Amino acid sequence: MRKFSLALANFPFSDEFWWLKPEQQTDDKKKKDKLKKEVFGKEGYKDSFGRGAAF
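The residue numbers shown here count from 1 along each chain, following its written sequence. Two thresholds apply to this predicted model, a pLDDT of at least 70 for residue-level local features and 80 or more for giving and counting side-chain atom pairs, whereas whole-chain, interface and lining totals are computed over all residues. Note that the side-chain values use all heavy atoms of the structure and ignore hydrogens as well as water.

(A) Quick look at a nonpolar patch on the surface. Surface patches are drawn from residues lacking salt bridges whose relative accessible area is over 30%; two like charges belong together within 9 Å, two nonpolar side chains (Val, Leu, Ile, Met, Phe, Trp, Tyr) within 5 Å. Only the protein chains shown count as cover for residues, with accessible areas throughout obtained via the Shrake-Rupley method and a probe of 1.4 Å. Between Lys or Arg on one side and Asp or Glu on the other, a salt bridge is scored when a side-chain nitrogen of the former is within 4 Å of a carboxyl oxygen of the latter. The grouping of Trp18, Trp19 and Val39 at the surface amounts to a nonpolar patch, some 270 Å² of accessible area in total. Secondary structure elements follow DSSP: runs of H or I no shorter than four residues count as helices, runs of E no shorter than two count as strands, and numbering proceeds from the N terminus. Tracing the sequence through the fold places Val39 in helix 1 (residues 29-40). Here the term buried applies to any residue with accessible area under 20% of the maximum for its type, exposed to any over 50%, and partly exposed to those in between, with areas from a 1.4 Å probe on protein chains only. Judged by its relative accessible area of 40%, Val39 falls in the partly exposed class.

Here is the structure:
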């Protein structure tokens, strides 16, 4: 048996910007669109495995 200091059961990949701190997240569509362009560029998110984009 191992002991862990942290266990994450259901990683929040359905959240668009799961890596941001809660105070950085926003519901403002314009801010989200701007952040998407900054993170993923003009082309948007591209999945190299051909899966549907979650964004």
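After that view, the rundown keeps rolling.
(B) Just helix 1, in detail. One less than the residue count of a helix, multiplied by 1.5 Å, gives the span that helix is expected to have. Helix length check: helix 1, at 12 residues, gives a terminal C-alpha distance of 16 Å against a target of 16 Å (1.5 Å per residue), a fit within 8%. Across the 12 residues of helix 1, 0 count as buried, placing the element largely on the outside. Under this definition, polar contacts are N or O atom pairs within 3.5 Å; protein pairs additionally need one hydrogen-donor-capable and one acceptor-capable atom, and for neighbouring residues in sequence, both atoms have to be side-chain atoms. The backbone nitrogen of Lys30 lies 3.2 Å from a side-chain oxygen of the residue at the head of helix 1, namely Asp28. At the exit of helix 1 stands Gly41, carrying a positive phi of roughly 80°.

(C) Quick peek at the pattern of salt bridges. For the structure on display, the rule yields 1 salt bridge. The shortest N-O distance in the salt bridge between Lys29 and Asp33 comes to 3.2 Å. Of this pair, Lys29 and Asp33 both sit in helix 1, 4 residues apart, which is roughly one turn of the helix. Here Lys29 falls in the exposed class, since its relative accessible area comes to 57%. The exposure class assigned to Asp33 is partly exposed, which follows from its relative accessible area of 30%.

(D) View of the environment of Lys36. You can see Lys36 is positioned in helix 1. Between the C-alpha atoms of Lys36 and Phe17, which are 19 residues apart in sequence, the distance is 8.9 Å. Whether two residues touch is decided by their heavy atoms; if any such pair falls within 4.5 Å, the residues are in contact. Leave out the neighbours within four places in its chain, and Lys36 touches Glu16, Phe17 and Gly41.

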